[in-house]
Amino acid sequence: MLAFTSAIEALRLANRVLGYKAFHWRLVSDGGGTVRASCGLSMPTDSYLALERKCLFGTDRPSMAIICADDNVEEYSNKSLEAWLRECKHRGIDVGALGTGTYVLAKAGLLANKRCTIHWEKLPGFAERFIGTVPNTSIYEIDGGIWTCAGGSASFDMMLHLIERDFGEQTAAGICELALLERVRAPGERQRLPLSRRCGILNETVIKAAQLMELHLTELLSMDDLAASVDLSRRQIERLFRRELDCSPVCYYRQLRLERAKLLLTQSTMPIVDIAVACGFISASHFSKCYRETNGTSPQEARKTRLRPAPHPVAAGPAIANVKLPRQTFVEAA
């Protein structure tokens, strides 16, 4: 709901700043009716997918179609929706996604060789499943008429970019004032808080070393190579990590790899041996031993929790919301 309502609210505030309804939207679900979000709130929709396909040939043709999906999007499949998205793109209509909606665009075949983004929790499984895409950890990406964002408050930033493109910087600044936002975030800004904020670490050497580890979770850096990369000896970097993070660099590196493994176990169908390799472990047995020691359960047991049903089932898959820009726009939510 944060991603969905943030996108709509940016457009509503744009209308207020501009003094007229430059943006119009309508909510659409697969079969119409009401869609219940995972938080339990219900959202009535204005239209349904079959009708929207007809709108592509009429005066109510949208200028953008944006998908918003739920946590269990990996298992969601809707051939009609995917065909509609491809038809939108074919007819020059921009398409986009909020958060996990990027999965739907990828399944529709619209992200081949395209820069895109998705929430950091979903990124490992997404990258392994859709090899031809170019995912990253920015808050939003725009590539060839395809708009994707990481969800959450990043939806507001992406829509502000669209509004600023069409109505200028002053309009975007006015929206920020009404929304009590200090600034508009740039698309390339990272999703997660930096290590200095997450762990209270201020030592630049430790931060740089941790960032290098995050970039080499499959092809691991040796501790000697890591130390050389930050112009320290191995003994010096071990002392720094113990002082700043209360653990060795080897232990911290393993924690990063196990975090990635946990996401792959719960979000993908990759064989456990492939997950072990993707996270830099020498064998499946070594991976299983490390995982159990850290998490108190085996990778096989962790996989059983994969893709649990939402506590509030969503009616007929994701919902769609149609947003009219000075032209028209669309958004799909679940």
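Keep in mind it's a predicted model, so treat the numbers as computed, not measured.

1. Comments concerning helix α14 (residues 284–295)
In this model α14 runs 16 Å from its N-terminal to its C-terminal C-alpha over twelve residues, within 8% of the 16 Å that 1.5 Å per residue would give. Where α14 is concerned, the buried positions are Phe287, Ser288, Cys290 and Tyr291. Those residues of α14 hidden inside the fold are in contact with α12 (249–267), α13 (272–278) and α15 (299–303).

2. Observations regarding the nonpolar core
Of all hydrophobic cores here, the largest spans 29 residues; its most connected members are Phe23, Leu98, Met158, Met159, Ile163 and Ile175. Secondary-structure elements contributing two or more residues to this core are α1 (2–18), β5 (64–68), β10 (146–149), α6 (154–167) and α7 (169–178). A total of eight residues in this core trace back to one element, the largest contributor, which is α1. Apart from the residues lying within four places of it in its own chain, the contact partners of Ile163 are Ala10, Leu11, Ala14, Phe23, Gly168, Thr171 and Ile175. By size, the runner-up hydrophobic cluster in this structure holds 27 residues, among which are Trp84, Leu85, Ala108 and Leu110.

3. Observations concerning unusual backbone geometry
Unlike most non-glycine residues, Asn113 shows phi in positive territory, near 60°. Positionally, Asn113 belongs in the loop between α4 (102–107) and β7 (115–117). Non-glycine residue Asp246 carries a positive phi angle of around 60°.

4. Quick notes on α6
Think of an α-helix as turning once every 3.6 residues; residues three or four places apart then point the same way. Look at α6: 20 Å from first C-alpha to last across 14 residues, which is about the 20 Å you get at 1.5 Å a residue. Along α6, the positions that sit buried rather than exposed are Ala154, Ser155, Phe156, Asp157, Met158, Met159, Leu160, Leu162 and Ile163. Elements that come into contact with the buried residues of α6 comprise α1, β5, β6 (94–98), β9 (140–143), β10 and α7. Taken from the residues just after α6, Gly168 is the one with a positive phi, measuring 95°.

Rules and cut-offs
- Along each chain, residues carry numbers from 1 onward, in the same order as the chain's sequence is written.
- Selection of residues for local features in this predicted model requires a pLDDT of at least 70, selection of side-chain atom pairs for listing and counting requires 80 or more, and totals for whole chains, interfaces and linings are taken over all residues.
- Heavy atoms from the whole structure form the basis of all side-chain values; hydrogens and water molecules are not counted.
- Every helix listed is a DSSP run of H or I at least four residues long, and every strand listed is a run of E at least two residues long, numbered separately from the N terminus.
- Given a helix with a known number of residues, its expected span is that number minus one, times 1.5 Å.
- Buried, partly exposed and exposed residues are distinguished by accessible area as a fraction of the type maximum, computed with a 1.4 Å probe on protein chains only: under 20%, between the cut-offs, and over 50%, respectively.
- Residue contacts are defined here by distance: any two heavy atoms, one from each residue, within 4.5 Å place the two residues in contact.
- For this analysis, a nonpolar core means a set of buried residues of the types Ala, Val, Leu, Ile, Met, Phe, Trp, Tyr and Cys, connected via side-chain atoms within 4.5 Å.

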